[in-house]
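Topology and contacts: notes
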Amino acid sequence: MSATATSTPPPAAPKVSGGKSGRSRLSFPVILLIVAGVLLALSAVRAITGAQDVTSAGQISAALAMAVPIGLAGLGGLWSERAGVVNIGLEGMMILGTFFGAWAGWQTSPWLGVLAGVIGGMLGGLLHAVATVTFGVDHIISGIAINILALGFTTYFAKLWFNTGEAAAKGGSPKQSPPADEITSVTIPGLSDGLRSIEKHHWFFVSDLAGILGGLVTNLSLLTILAIVLFIGTFFVLWKTAFGLRLRSCGENPVAAESLGVNVYTYKYVAVIVSGGLAGLGGAFLSLVTSHIYNEGQTGGRGYIGLAAMIFGNWRPGGLAMGAGLFGFADALQLRNGGESVHALLLLLFVVLVGLAVWKLYRKSYLQGVVSAVIAAAVLVWYLGTDSVPTEFVSATPYIVTLLVLSLSAQRLRMPKADGMRYRKGQGK
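In this text the structure is predicted, and so the values were computed from the model without any measurement.

Some thoughts on the packing of helix α10 (residues 242-252) against helix α12 (residues 264-290)
- At a minimum axis separation of 9 Å, α10 and α12 run at an interaxial angle of 100°. Judged by the angle between their axes, α10 and α12 are roughly perpendicular. Facing α10, whose interface residues are F243, R246, L247 and C250, α12 presents V264, Y267, K268, V270 and A271.
- Split by residue class, the contact of α10 with α12 holds seven nonpolar, no polar and two charged.

Given below as structure tokens:
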């Protein structure tokens, strides 16, 4: 039936997620209880196993540094998918951010490098928007193509720009850039030392809390603070403004949105370009804060992990931040040679799997309950039969955590209704 037929009723206002639905969201007190429960569990694991690094300030500081690029990539995916465009190209946009950030950073200043990294990611986002929004290319195919193009582009120009002249004299090579200056880090004087003193006593829960808080106030990069501001700003813009309502309506029902006067193409373009800029900022963080140089393969799949964190967070900034923190924690373990810590966390995984098995059996999901119980038994045998875990497993921890989290959270997810769907201008007229 034609959309202009006189018998057709006027289109309903676009429904956007964020209101009441069949599955209620967690309240703030419940979230605090969950956080307290997790902290108690980590404290118990530390006390039982003696793995002091599990909640140490160093581990938490490293986890935060690892969580920022993952969170920024996921935040970019949130902007894009809330407007209805799947962005598998986050990895490629992060690669562009690492390259351009380091390229400008070593020649000028690290902050200009940050700007260059954002612009590099935005160019990748613009390419994705042109392909998916204007030409209607499948979103997955376009994203994969951008990942391949970004890798090829940076590999070629790294050999061209970093392996000759002044760049080579300052430590550049075909696979890395010369080092850039550091971005300022801040530590809250007095508070950091006091928390470190409490942590050293290894008191149950109190020292663990001190270690976590100490990691959050020690050597905190200004770019990390900017990332936190961007998370808060994203929530405010997308859920508290008319602009955000229109953008989210494009991801829920673009036909109805267009019929109400929303320029769907414009909002999709803005969302995908912002998405690329945020992913580029995450890439610049890797090359300017984490290592101070560009390295080939530096992103290490963090764009994909950021996408997983976004899905785990149910396409909302708060959940995304929690997911990024979890993946960042797992990522930090491999940097700190965390074989002992990962071994200790096997005990926590056993408890979680037992709880999941009991819950599934209570809900009469017998197959899932039995599978969870069997895996829990295998994890317990592994824990009791070893004193540490192989280095190879520690390196794979972030990816294993990604698979576990997505498999456990899949049943509660609610993606934007028009996410990934091809939309042609004029469908709402």
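Thoughts on the nonpolar core
- In this structure, L247, L320 and F327 are the most contacted members of the largest nonpolar core, which totals 45 residues.
- With nine residues, α12 is the largest single contributor of residues to this core.
- Those residues in contact with F327 that lie beyond four places of it in its chain are I70, I305, A308, A309, P398, V401, T402 and V405.
- Judged by nonpolar contacts, the second largest core, of 26 residues, contains A116, V118, F285 and L288.

Notes on unusual backbone geometry
- Of note, the phi angle at H202 is positive, near 60°, even though the residue is not glycine.
- As for its placement among the helices and strands, H202 is situated in the loop between α7 (191-199) and α8 (206-217).
- Overall, H202 belongs to the partly exposed group, its relative accessible area being 43%.
- For W315, which is not glycine, the phi torsion reads 60° and is therefore positive.
- Mapped onto the secondary structure, W315 falls in the loop between α13 (302-312) and α14 (317-335).

A closer look at the pattern of salt bridges
- One pass over the full model with this rule turns up seven salt bridges.
- Between K175 and E296 there is a salt bridge, and its shortest N-O distance comes to 3.4 Å. Separated by 121 residues along the polypeptide, K175 in the loop between α6 (165-169) and β1 (185-186) and E296 in the loop between α12 and α13 bring together distant segments of the chain.
- One salt bridge connects R414 with E252, and the closest N-O pair in it is separated by 2.8 Å. In this pair, R414 is assigned in the segment after α17 (391-409) and E252 in helix α10, connecting sequence segments 162 residues apart.
- For R414, a relative accessible area of 33% gives the class partly exposed.
- Through salt bridges that share partners, R82, E252 and R414 make up one connected network.

A few points about the packing of aromatic side chains
- Within the structure shown, the criterion is met by 17 aromatic pairs.
- On the numbers, 6.4 Å between centres and 85° between planes, the contact of F100 with W103 is edge-to-face. On the criterion of helical spacing, the pair formed by F100 and W103 is a turn pair, its members being three residues apart in helix α3 (residues 90-107).
- By way of ring pairs, the aromatic residues F99, F100, W103, F153, Y156, F157, W161, F162 and Y294 are connected into one cluster.

Some words on the confidence of the model for the chain
- The predicted model of the chain averages 88 in pLDDT, with 92% of residues at 70 or higher.
- Looking at the elements of the chain, mean pLDDT is at its lowest for α17, recorded as 77, and at its highest for helix α4 (residues 110-134), recorded as 97.
- Low pLDDT, under 50, characterises residues 1-14; the predicted model gives this stretch 15 contacts beyond four residues in sequence or across chains.
- For residues 17-23, every residue scores under 50 in pLDDT, and the model assigns this stretch 11 contacts once sequence neighbours within four places are set aside.

A short note on the packing of α13 against α14
- One way to put it is that α13 packs onto α14 with a least axis distance of 7 Å and a crossing angle of 135°. Between α13 and α14, the angle is such that the two are oblique. The two elements α13 and α14 meet at a crossing, and its hand is right-handed. Residues R302, I305, G306, A308, A309, M310 and F312 of α13 lie in contact with α14, whose contacting residues are G319, L320, M322, G323, A324, F327 and D331.
- Of the residues contributing to the contact of α13 with α14, the split by class is nine nonpolar, three polar and two charged.

What counts and what doesn't
Residues numbered from 1 in each chain as written. Predicted model: local features only at pLDDT ≥ 70, side-chain atom pairs only at ≥ 80, totals over all residues. Heavy atoms only, no water. Axes fitted to C-alpha atoms, helices over the stretch in contact; angles between N-to-C directions. Helix = DSSP H or I, 4+ residues; strand = E, 2+ residues; numbered from the N terminus. Parallel < 35°, antiparallel > 145°, perpendicular 65-115°, else oblique. Contact = heavy atoms within 4.5 Å. Nonpolar A, V, L, I, M, F, W, Y, C, P; charged D, E, K, R; others polar. Core = buried A, V, L, I, M, F, W, Y, C linked by side-chain atoms within 4.5 Å. Buried < 20%, exposed > 50% of the residue type's maximum accessible area, 1.4 Å probe, protein only. Salt bridge = Lys/Arg side-chain N within 4 Å of Asp/Glu carboxyl O. Phe/Tyr/Trp six-rings, centres within 6.5 Å; stacked < 30°, edge-to-face > 60°. pLDDT = per-residue confidence, 0-100. Left-handed = near helix turned anticlockwise from the far one by under 90°.

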